[in-house]
Each structure stands twice: as C-alpha cells, then as structure tokens.
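Secondary and tertiary structure notes
If you want the building blocks of each chain, they are given just below.
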Amino acid sequence: MSKAGLALFEQKSTGGTARQISPIDTMIYSAANPGLMFALVYIMWAPFLYPGAHMVWAILAVSQMFIIAGLYWLFSVSMPRSGGEYIYISRILHPSLGLMASFMITFTSISWTGILLNWIIKWSIVEFFYSMALINGNNATWLGLAEFFDSKYMHAIIGTALLLFIYFIYYKGTKWMVRLAYITLSATLVGAVVFVVANLITGQGTFAANFTQLTGLNYSDVITIAKQDGYTTEFLFGATVMAGSTYVILNTLGSTFGANLAGEVRNVQKSQLLALFGSLAILMVIWAIFYGMSYVNFGDIWSNSLYYLYNAGHEAYPFEGYDPFITIMIGIMTKSPIFIFLIAVAFAVATFGSAAGLGFGPSRNFVAWSFDRLIPKKFMELNPNTNSPTYALRTVIAGAWVFLMLDIFVPSWTANIAYTIFTWFLAWIFLGIAGIVFTTRKKVLFNSSPPVVKTKIFGVHLITILGWLTTAISVSICYYLLIPFFRGDLPFTMIIVSLLLMLIPIIIYFIMKRSHAKKGIDIDIQFQEIPSD
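It should be emphasised that the depicted structure is a prediction, and the values quoted were computed from it without experimental measurement. (Residues numbered from 1 in each chain as written. Predicted model: local features only at pLDDT ≥ 70, side-chain atom pairs only at ≥ 80, totals over all residues. Heavy atoms only, no water.)

**Re the overall build of the protein chain**
Looking only at helices and strands, the protein chain has 22 helices and 2 strands in total. For 533 residues, the compact-globule estimate of 2.2 N^0.38 gives 24 Å, and the C-alpha radius of gyration of the protein chain, at 23 Å, lies within 12% of that figure. Dimensions along the principal axes, computed over C-alpha positions, put the protein chain at roughly 75 × 50 × 40 Å. Every one of the 533 residues in the protein chain was classed for burial, and the buried ones make up 62%. The long-range fraction of contacts in the protein chain, counting pairs at least 24 apart against all pairs at least 6 apart in sequence, stands at 83%. (Helix = DSSP H or I, 4+ residues; strand = E, 2+ residues; numbered from the N terminus. Rg over C-alpha atoms; globule rule 2.2 N^0.38 Å. Buried < 20%, exposed > 50% of the residue type's maximum accessible area, 1.4 Å probe, protein only. Contact = heavy atoms within 4.5 Å.)

Right, dumping it as structure tokens:
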C-alpha cells in the first residue's frame, strides 16, 4: 500500500478498535443506516409541508448529497480516523466548533435510534392489526388488538425491549452490526418485491374500488375535498425541490457514518468512496421503487391529497387515529393478510436495522471526544471480549431511550422529526466552512494529505469548492425547513431542540477546558494534529 502523505494505517484506530470492516461492508452499513424503507414514511409528510411536491422527481434533489459526500471522502482520506466531522472541524476550525457540530449530529442520530423503534410499533405492529380489521369489515377482535398495542405503555414496554436487544448487538461488536446491515438490506428488498407484486396482481383500479368499499369515502372525492380545502392539486417545481431537499435528503442522513468508523475500516480511500457514493446510489434506486409504486398504485395527486387530509386533521380522513402508512394502503389494495404481514415484517426488520445503525456509528464519536479529553476517559474503555466502547454504547442506549419516551408521551417534541434536518444541516454549515479554509488554515496537514485531496479544478482546490457548495446547500436546506415552521405547520419545539443540541456541547467544552487548565493542561494544543492511529 502506498504510504504517500498520511498513511492509511493498518492496525489500530483511535481508542484501539481494530480495522475489521471491508469496503463492501462499509457501503452496506452506510446504505442501511438512513432507513431504506423510510420513503414510505416521508411521503406522508413532505407533500403536506410542501404542497405540490412530486416525490419521485424530488429524488433528484439528492444530487446535493453527492457534493457533501465528496467533501466527507476527501476529509476521511486526509484524516482517516474515527470521529468523522468532529475530527475535521476540530482540527481545522476550533475544538469547540468540532465538538458542537459532532454533538449535534451524534445526538440527532441517537434520537432516531429511539424514535424509529416507536415507528416499528406504530406502523408494523399496530397498523398490521388495524389493517386486518379494515379488510374484515372493521372486525372488533382485530380492532381490539390494534387498540391494545397502541396504548402508550405498550409502546414503552415493546420499545424498551427492542432497545435492549440493540444493546446486545452493540455488545457483540462491529461484526454483528455489519451482519445486521446485510439483513436490513435484505428486508428492504423483500418489501420492495412485495410492493411491486401487489401492484402487478391488482392495480390502481382495484385499489380505488377497494378504497371506496372499505372506507365509505369515494376514491374520487379525496382530491375534490382536498382542493376545496385549499390544497393544490398540481405539481410545482419549487415545492418539489424543497421537499426533496428536506424530507428526501433526510432519508440520506446517516449514509456518511462510514466516515465516523474510518478508524475501523480497511483501505480507507476505497472504503469511503464506495460507502459515501455507493450508498447514495442504492438509496436512490430503492426510493424510486417505493415513491414510484405509491404514485402508480394509489394515484399521484390522489396520494398527496390523502396525505393532506391526514396531516390537516380533516374530518373526511377515513382512518381516524391511524396513519395512511403502506401497511394500511397495501391491505386496501390486495385485501390479503399475507401481503399485510409481509410488508409489516419487512418494514419492522429494516427499521430495526436502521435504528441500530444510526446509534452505532456515532458511538465512535464518544471515543474520539474522550481521546481529546473533552469527556471522561472511561468512554475510551473497550470491552476486552468484543473490543467495543462499553460506556459510549450505554450512553447511546440511554439517550435513545429518552427520545423514545418523548416520542411516545410528548410527541410534539419529535413531530415529523423536523428538528433532525434542521440540526444536522446547521452542523454541516461548519463542515462546509472547514472545507473552505482547509488549504489555507492548516497548510501542513493539507500538504501531508494523499494526492487525491490536493485535486484542483480550474486552479481551485476541489475540497475548497466542495466546502463552498456544502455551506450553501446546508444554509438553503435550513431555510427551506423554516418555511413550514413560520407557516405554523411545524411546532416551535423544532428550534428549541436544535438550540439545546447546539449549546450543550459548547458548555461541555469550556467546562472541560477550565477543568484541565487547573491541572496545567491546555487541551487546545492537542488539536494541532490528528490523533495517533
């Protein structure tokens, strides 16, 4: 292996975790994280928050993510250490900003680990029973089971049990996590096949007839009612761009976590290239199937109109108390318990894998923070049997449990998980700035990087160009999310959660800096170089 510039080290990463993940494993892990079947969730929200959005064409907005992925790739090649954006920003800009950006992304992702488990309960378990009731003439037994599992305490019990199972997987180590990523991808493919087959044996005409029969609401009246209520019944370019730049791109967040595991992967340059770009390609293909099939099976404007009635709480919405998720929709389309069961199981398994993956990658950030003395050293301690950072993983589970409880008992704090998009892209503004100034602010580190990092286009370093574009994209996406916020369609909690996740790490940094200063240690000195491998 070439040793030009900073070596792609072979044996040990920051904190002592072994390099055991292959390039393909890294790509599958990165693709599984964002939730390959979550297109079926975001299609329920985005057309309401951005009226006129066409969710299939909105996928093209993901082209912006290739720019950010390119910046991550060059940074990970230059600084192949676990910690991702924390390492890059803390070494280029300032340690407090590095901790802040990393903390925001880390705890946003940890929040998903908890919230996604509640999605499993809502849309795989509860709506399985409700769908069975619906296709059986609102059967009281099935409805009773749906109501039983839909109680807040059943959500809490099942969610906690699933979270403990995730901790068991974490405890077993990185290889188990990689295996789960492959299972997650397999479950998603099963879900896609089920959706396609359901369409082939039925079609929109059958769905329309079944919808009218089972709900008592005429299929064609859905668009009429939404239009009368002021909802647009045409597709708009601007709304499509904004929906794609928020809720479709949301479905990519976590695909960069291969960079957070850079200290554990073999051949970083190749691994990160495959992980960052390959995962986005896989995601876009899967979304095209799910969004495309939703519009083909149910009707494009019709689907958007139904999702409007649902989000607006309109009295005409036919599934009172239940969301128009694919479990219900495929039940109406096929009237088949087998299809309902298969789509529910596929979503449950895929979502469980995503929940686990979204907490696993950021756990390595705790190790990086601890290595730099920003949190206690115990977070660097590894389990001697599995080589996993035990305290970091326990913190992930504890944080995820808090967000699970919030989503169950006070869902206004996690509504439409809008805070996650806003917080994440606030953090990426600083990543973009780090890319802009890297070549001038840290010349020694930049000059010691491998040749690919020094690539120029028209005389300007590529990493600088990507930095500018990342900053512009991040600012614009934060702006797009403020539009429905100021319109009143998103709660004020979105801003509060984001600000808390921004302020807490700054406070932690200055507390730790003062604490070490009393011992005669200036912790800022260590940020002049990247951690040893």
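**Here's the deal with the environment of Tyr167**
Looking at the secondary structure, you find Tyr167 in helix H8 (residues 152-172). By relative accessible area, Tyr167 is classed as partly exposed at 21%. Once the C-alpha coordinates of Tyr167 and Thr390 are considered, the two residues, 223 residues apart in sequence, prove to be 9.8 Å apart. For Tyr167, the contacting residues outside a window of four places in its chain are Thr390, Leu393, Arg394 and Ile397.

**Description of the pattern of salt bridges**
Inspection of every chain in the model, using the stated rule, returns 4 salt bridges. For Asp372, the salt bridge identified is with Arg91, shortest N-O distance 2.8 Å. Here Arg91 lies in helix H5 (residues 85-92) and Asp372 lies in the loop between helix H17 (337-371) and helix H18 (390-409), a separation of 281 residues in the sequence. Note on Asp372: relative accessible area 1%, which makes it buried. (Salt bridge = Lys/Arg side-chain N within 4 Å of Asp/Glu carboxyl O.)

**Here we look at the packing of aromatic side chains**
For the structure on display, the rule yields 59 aromatic pairs. Judged by centre distance (6.3 Å) and plane angle (90°), the ring pair of Phe128 and Trp142 falls under edge-to-face. You can see Phe128 sitting in helix H6 (residues 95-135) and its partner Trp142 sitting in helix H7 (residues 140-149), a full 14 residues away along the chain. Phe128 sits in the buried class, given a relative accessible area of 16%. A residue is classified by how much of its surface remains accessible, and Trp142, at 25% relative accessible area, is partly exposed. Centre to centre, the rings of Phe211 and Phe319 are 6.3 Å apart; their planes meet at 90°, and the pair counts as edge-to-face. Taken together, the positions of Phe211 in helix H10 (residues 204-215) and Phe319 in the loop between helix H15 (300-312) and helix H16 (326-334) put the pair 108 residues apart, joining distant regions of the chain. (Phe/Tyr/Trp six-rings, centres within 6.5 Å; stacked < 30°, edge-to-face > 60°.)

**Brief notes about the layout of surface pockets**
By volume, the largest pocket amounts to about 580 Å³. Surrounding the largest pocket, 23 residues form its lining, Lys122, Trp123, Tyr310, Asp323 and Pro411 being those nearest its centre. Elements represented by at least two residues in the lining of the largest pocket include exactly H6, H8, H15 and H18. For the lining of the largest pocket, the element with the most residues is H6, which contributes 7 residues. Looking at side-chain class alone, the lining of the largest pocket contains 11 nonpolar, 6 polar and 6 charged residues. (1 Å grid on protein atoms, 1.4 Å probe; cavity = no way out; pocket = protein on both sides within 12 Å on 5 of 7 lines; lining within 4 Å. Points joined across faces, edges and corners; volume = space filled by probe spheres on them. Nonpolar A, V, L, I, M, F, W, Y, C, P; charged D, E, K, R; others polar.)

**Remarks on empty space enclosed by the protein**
Empty space left among the atoms is revealed by rolling a probe the size of a water molecule over them. Considering all chains together, one arrives at 2 cavities of 30 Å³ or more under this definition. Taken as a whole, the largest cavity holds about 50 Å³ of empty space. Lining the largest cavity are Asn33, Pro34, Phe38, Tyr42, Trp112, Leu116, Leu250, Asn251, Leu253 and Leu358. Residues of the lining of the largest cavity, tallied by class, amount to 8 nonpolar, 2 polar and no charged. Looking at the second largest cavity, its volume works out to about 30 Å³. Considering the residues around the second largest cavity, the lining is formed by Tyr167, Tyr171, Asn383, Thr386, Ser388, Thr390 and Leu393.

**Brief notes about the nonpolar core**
Formed by 188 residues in total, the largest nonpolar core has its most connected members in Trp119 and Tyr247. When residues of this core are assigned to their parent elements, the largest contribution, 23 residues, is made by H6. Setting aside its immediate chain neighbours within four residues, Trp119 contacts Phe38, Val41, Tyr42, Trp45, Ser124, Phe347, Asp407 and Ile417. (Core = buried A, V, L, I, M, F, W, Y, C linked by side-chain atoms within 4.5 Å.)

**Here we look at the side chain of Ser111**
Structurally, the position occupied by Ser111 is in helix H6. The contact partners of Ser111, leaving out residues within four places of it in the chain, are Phe403, Tyr419 and Thr420.

**Remarks on the environment of Ile135**
By the element assignment, Ile135 lies in helix H6. Since its relative accessible area comes to 16%, Ile135 is described here as buried. The spatial distance from the C-alpha of Ile135 to the C-alpha of Phe425 is 42 Å, given a sequence separation of 290 residues.

**Side note on the side chain of Thr327**
If you trace the backbone, Thr327 turns up in helix H16. From its side chain, Thr327 meets the backbone oxygen of Trp123 in a polar contact 2.6 Å long. What Thr327 contacts, discounting residues up to four positions off in sequence, is Trp123, Glu127, Phe128, Ser131, Ile340, Ile343 and Ala344. (Polar contact = N/O pair within 3.5 Å; in protein donor to acceptor, adjacent residues only side chain to side chain.)

**A closer look at a nonpolar patch on the surface**
A cluster of nonpolar residues, Tyr153, Phe409, Val410, Trp413, Phe492, Ile496, Leu500 and Ile504, forms a patch on the protein surface that exposes about 740 Å² of accessible area. Here the nonpolar patch takes 3 residues from helix H22 (residues 493-517), the largest share from any one element. Position of Phe409 relative to the elements: it lies in helix H18. On the basis of relative accessibility, which here comes to 34%, the residue Phe409 falls in the partly exposed class. (Patch = residues over 30% accessible without salt bridge, like charges linked within 9 Å, V, L, I, M, F, W, Y side chains within 5 Å. Areas by Shrake-Rupley, 256 points an atom, 1.4 Å probe, with all protein chains shown as cover.)

**With respect to unusual backbone geometry**
Working note: non-glycine residues mostly have negative phi, and peptide bonds are mostly trans. One non-glycine residue, Lys335, adopts positive backbone phi at about 55°. Along the chain, Lys335 falls in the loop between H16 and H17. For Lys335, a relative accessible area of 34% puts it in the partly exposed group. If you check the backbone angles, Arg373 has positive phi at about 70° while not being a glycine. By secondary structure assignment, the location of Arg373 is in the loop between H17 and H18. The exposure class assigned to Arg373 is partly exposed, which follows from its relative accessible area of 31%.

**Some thoughts on H8**
Taking 1.5 Å per residue as the helical rise, H8 with its 21 residues ought to reach 30 Å, and the 31 Å between its terminal C-alpha atoms agrees with that figure. What H8 keeps buried is the set Met154, His155, Ala156, Ile158, Gly159, Leu163, Ile166, Ile169 and Tyr170. In this fold, the buried residues of H8 make contact with H6, H7, helix H9 (174-201), H17 and H18. Where H8 ends, the next residue or the one after it, Gly173, has phi of about 110°, a positive value. (Expected span 1.5 Å × (residues − 1).)

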